[in-house]
Amino acid sequence: MSEVLLKAENLEVAFGGVKAADGVNLTIDKGEFVAIIGPNGSGKTTFLNLCTGYIRPVSGHVWLGDQEITRMAPRQIARRGIARAFQIPQLFTDHNVIENVMLAIASREGIWQAFTALDRPKYRAEAMELLELLNLGDYAETMAGTLPEGLRKLADVTVAMALRPQLLLLDEPTSGVSALERFPLMDTLMKAMKARGVTALFVEHDMEIVENYADRVVVWNAGTVMAEGTPAEVMKDPRVLENVVGIV
Amino acid sequence: MNRTLTLSGVALIILALAPQIFPFLQFTLTIAIAKGFAALGVALLLRAGLISLGHAMYYAIGAYAAAFMAQKLGITDFAVIMIAATVISAFFGLVFGLFLVRYRAIFFAMLNLAVSMVIYSLASKLYGITGGTDGLRVAVPTIFGMELSKDAFDGVLYYVSIVLVVALGYLIHRYLKSPLGNALSAVHSNEVRLEYLGVSAWSSLLTAYTISAALAGVGGAIAALSIGHVLPEYAFWTESGHLVLTAVLGGIAGIAGPFLGSVFLELIHTIAVGFAAEAWNMIVGVALLVVIFFLPRGLFGLFERLSGQKATDGEPKL
Ligand SMILES: Nc1ncnc2c1ncn2[C@@H]1O[C@H](COP(=O)(O)OP(=O)(O)O)[C@@H](O)[C@H]1O
Ligand SMILES: [Mg+2]
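Residues numbered from 1 in each chain as written. Chains lettered and ligands numbered in written order. Predicted model: local features only at pLDDT ≥ 70, side-chain atom pairs only at ≥ 80, totals over all residues. Heavy atoms only, no water.

## Comments concerning the overall build of chain B
Part 1: Along the backbone of chain B there are 13 helices and four strands.
Part 2: For a compact globule of 318 residues, the expected C-alpha radius of gyration is about 20 Å, and chain B comes in at 19 Å, within 12% of that figure.
Part 3: Each principal axis of the C-alpha distribution contributes one length, and for chain B these read about 55 × 45 × 40 Å.
Part 4: Per-residue burial over chain B gives 55% buried out of 318 residues.
Part 5: When the accessible area of chain B is evaluated, it comes to approximately 13,400 Å², of which 74% is carbon and sulfur surface.
Part 6: Averaging the positions of the 16 positive and the 14 negative side-chain charges in chain B gives two centres separated by 10 Å. (Helix = DSSP H or I, 4+ residues; strand = E, 2+ residues; numbered from the N terminus. Rg over C-alpha atoms; globule rule 2.2 N^0.38 Å. Buried < 20%, exposed > 50% of the residue type's maximum accessible area, 1.4 Å probe, protein only. Areas by Shrake-Rupley, 256 points an atom, 1.4 Å probe, with all protein chains shown as cover. Lys, Arg positive; Asp, Glu negative; His and termini not counted. Charge placed at Lys NZ, Arg CZ, Asp CG, Glu CD.)

## Describing the overall build of chain A
Part 1: Per the secondary structure count, chain A includes nine helices and 10 strands.
Part 2: Reported as C-alpha extents along the three principal axes, the dimensions of chain A are approximately 55 × 40 × 40 Å.
Part 3: Considering chain A as a whole, with its 248 residues, one finds that 57% of them fall into the buried category.
Part 4: When contacts within chain A are restricted to residue pairs at least 6 apart in sequence, those whose partners lie at least 24 apart make up 65%.
Part 5: As presented, chain A carries roughly 10,400 Å² of accessible surface, and 52% of it is formed by carbon and sulfur atoms.
Part 6: Each charge class in chain A was averaged separately, 24 positive and 32 negative side chains, and the resulting centres sit 6 Å apart. (Contact = heavy atoms within 4.5 Å.)

## Side note on helix H7 (residues 150-177) of chain B
Part 1: In this model H7(B) runs 39 Å from its N-terminal to its C-terminal C-alpha over 28 residues, within 8% of the 40 Å that 1.5 Å per residue would give.
Part 2: Among all positions in H7(B), only Phe153(B), Asp154(B), Gly155(B), Leu157(B), Tyr158(B), Ser161(B), Ile162(B), Val165(B), Gly169(B), Ile172(B), Tyr175(B) and Leu176(B) are buried. (Expected span 1.5 Å × (residues − 1).)

## Observations regarding the pairing of strand E7 (residues 167-171) of chain A
Residues and elements named next belong to chain A.
Part 1: Across the five residues of E7, five count as buried, placing the element largely inside the fold.
Part 2: Burial along E7 is two-sided: Leu 167, Leu 169 and Asp 171 and Leu 168 and Leu 170, pointing in opposite directions, are all buried.
Part 3: In terms of strand pairing, strand E6 (residues 82-85) meets E7 through four bridges, oriented parallel. Within the sheet, the bridge partner assigned to Ala 83 lies in E7 and is Leu 168.
Part 4: As paired elements, E7 and strand E8 (residues 199-203) share five bridges and run parallel to each other. Bridging from a neighbouring strand, Leu 168 pairs with Ala 200 of E8.
Part 5: Following the backbone out of E7, through helix H6 (residues 179-196) and into the adjacent parallel E8, one traces a crossover that is right-handed. (Pairing = 2+ DSSP bridges. Right-handed = clockwise from strand over helix to strand, strands pointing away.)

## Some details on the coordination of the magnesium ion (ligand 2)
Residues and elements named next belong to chain A.
Part 1: For the magnesium ion (ligand 2), the protein coordination sphere consists of Thr 45 (OG1) and Gln 87 (OE1), at 2.0 to 2.3 Å. A residue pair is termed long-range when its members are at least 10 positions apart, and Thr 45 in helix H1 (residues 44-51) and Gln 87 in the loop between E6 and helix H3 (97-108) qualify at 42 residues.
Part 2: Note on Thr 45: relative accessible area 26%, which makes it partly exposed. (Donors = N, O, S within 2.8 Å, 3.2 Å for Na, K, Ca; no water.)

## What to know about the confidence of the model for chain B
Part 1: Across chain B, the average pLDDT comes to 90, with 96% of residues at 70 or higher.
Part 2: Across the assembled chains, the prediction reports ipTM 0.94 with pTM 0.92. (pLDDT = per-residue confidence, 0-100.)

## Some words on the site of ligand 1
Residues and elements named next belong to chain A.
Part 1: In the neighbourhood of ligand 1, the contacting residues comprise Phe 15, Val 18, Ala 20, Pro 39, Asn 40, Gly 41, Ser 42, Gly 43, Lys 44, Thr 45 and Thr 46.
Part 2: In the environment of ligand 1, an oxygen atom lies 2.8 Å from a nitrogen or oxygen atom belonging to the backbone of Gly 41.
Part 3: Between ligand 1 and the protein, one listed contact pairs an oxygen atom with a backbone N or O atom of Ser 42 at 3.2 Å.
Part 4: Protein contact buries 60% of the 560 Å² of open area that ligand 1 shows by itself.
Part 5: Listing elements by their share of the shell around ligand 1, those giving two or more residues are strand E2 (18-29) and H1. (Near = heavy atom within 4 Å. Polar contact = N/O pair within 3.5 Å; in protein donor to acceptor, adjacent residues only side chain to side chain.)

## Describing the side chain of Asp154(B)
Part 1: By the element assignment, Asp154(B) lies in helix H7.
Part 2: Beyond its immediate chain neighbours, meaning those up to four positions away, Asp154(B) contacts Gln26(B), Leu225(B) and Ser226(B).

## A look at the sheet that holds strand E3 (residues 33-37) of chain A
All names here are of chain A.
Part 1: Pairing within the open sheet is mixed, and its six strands lie in the order E6-E7-E8-E3-E9-E10. Sheet topology places E6 and strand E10 (224-229) at the edges, where each strand pairs with a single neighbour. On average, adjacent strands in this sheet sit at an angle of 20° to one another, irrespective of strand direction.
Part 2: As paired strands, E3 and strand E9 (residues 216-221) are joined by four bridges and run parallel to one another. Bridge pairing links Val 34 to Arg 216 in E9. (Axes fitted to C-alpha atoms, helices over the stretch in contact; angles between N-to-C directions.)

## Brief notes about the packing of helix H10 (residues 237-250) of chain B against helix H11 (residues 256-275) of chain B
All names here are of chain B.
Part 1: Packing of H10 against H11 brings their axes to within 7 Å, and their N-to-C directions diverge by 115°. In terms of their interaxial angle, H10 and H11 are classed as roughly perpendicular. Note on packing geometry: the crossing formed by H10 with H11 is right-handed. Residue-level contacts link His 242, Leu 245, Thr 246, Leu 249 and Gly 250 of H10 to Gly 257, Pro 258, Gly 261, Ser 262, Phe 264, Leu 265 and Glu 266 of H11.
Part 2: Looking at side-chain class alone, the contact of H10 with H11 contains five nonpolar, six polar and one charged residues. (Parallel < 35°, antiparallel > 145°, perpendicular 65-115°, else oblique. Left-handed = near helix turned anticlockwise from the far one by under 90°. Nonpolar A, V, L, I, M, F, W, Y, C, P; charged D, E, K, R; others polar.)

## Notes on the pattern of salt bridges
Residue and element names in this part refer to chain A.
Part 1: In the structure shown here, the tally under the stated rule is 18 salt bridges over all chains.
Part 2: For Asp 119, the salt bridge identified is with Arg 124, shortest N-O distance 2.8 Å.
Part 3: Of the residues examined, Asp 119 reaches a relative accessible area of 41% and is grouped as partly exposed.
Part 4: The class for Arg 124 is partly exposed, based on a relative accessible area of 26%.
Part 5: One salt bridge connects Arg 196 with Glu 129, and the closest N-O pair in it is separated by 3.7 Å. You can see Arg 196 sitting in helix H6 and its partner Glu 129 sitting in helix H4 (residues 121-133), a full 67 residues away along the chain.
Part 6: Put simply, Glu 12, Lys 19 and Asp 22 are held in one network by salt bridges that share partners. (Salt bridge = Lys/Arg side-chain N within 4 Å of Asp/Glu carboxyl O.)

In structure tokens, the structure reads:
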């Protein structure tokens, strides 16, 4: 019997006239690696925003395990075990890469440490191990603000993983990365997530990536789930072929 | 780092010896240290990208707390006065901070200014407590029951102030290196990421704001005891502007910066008043321009170059 980790029920939110979430229902089981695919503007990022408390739904509910997290603030949800890497990487640009990761590690243990150094051997070792797992070891001392775009996304994922989340949300981890580099990047991410036993939900618009890496695919269209299933099942659905594969 | 320490040590020794050689400097340097504490408080907030245009209010609160205790409550012990003045300013910082640290940028600057103007007018109007526009006189405190002459006390105050620079400077240094201190510049560079780490930007800032008010209060208490008189003008907005100027001029990257800026400005002020009173604003203006264009890390940047240390990457640039 699989264990439900995240459950979203009837989420609705609108911006102006646009229904960015129009009755979203979705569950993710522990250990799954789920992809969300769908056209631009279909509400994929909005769904991640709703799950992490960045925006609040007009109606509907979100549960993490058996705890309802609807309407909690992002920091409360983060403390309960959901971490997020962003479509546009969010890093502390005045800190170097390893300090970004160490801040995440420190916040996991509680930020109320006012007299012990952030840069301490224990944090540094853990951060370095994680950076090496994600092939960023060489960039540990680089200022986060000066990293190239592709590496910045990877660093963003590293920071999220340093929280040791139960659930990791990845918003288009391969966007802005050249077609040639996408598969190696996904290999790196998969290796790291398997090593850490992380359940993950990732938004991706490349169907080839989805077919290769996802256990299950959720197809988004106009603020709602249009289809879901294994990559093979979903690819047979004519509506998906027309609305999603045709466009992206 | 070791050379920075050595250089800081040399600077402190010069500071300690200066009044022995030039006694007339003691008062000027005491005030410089007092304002340096307040500027250090302002510098903490600048790290988080927040400019307070009202911090002179905490300097004034520290000063009035010291004066009030000595004059109205009959508390004369130096140590008790200093500690209580610090705690009282920290308390006001905490209370005002509860709502002020919700704001950013121009709103934060202006709201601090507004609150400080209220404090200024209360200090001028609440005659029974504050002595109104006449202010309060501050008697010479006792030290562990000993009564001292004003001169002897001023000497003690000066050296205690230097010890406080070292002790509090060290604590603030530790704080800035800690996770909580790092969260401060993290608020500046990416508040969204910070919240997604599960850290409350609001409480990180409230901590910093309370500490910064306490530092300003320490400075105010030193000034009150040194001058022997407190006035509502301590809280006037131009004084708050002066503190921001001092912090920027000195540099916010290290603990030494605000003190360097403050000593520099007070010395220039003393000299200018003696020789060319009308040149004071001009000198300050030019000094600020030089710093902004050539020393983005303030006088502290010069200090680092002297100590052969390159600007480290991790610290905020202003
Ligand atoms: N904060 C917001 N304010 C206004 N409109 C928004 C906001 N966030 C998203 N939208 C709109 O909601 C729709 C879905 O956006 P988004 O979730 O970013 O799509 P996706 O990630 O699938 O490309 C778009 O029409 C977008 O313009
Ligand atoms: Mg998106």
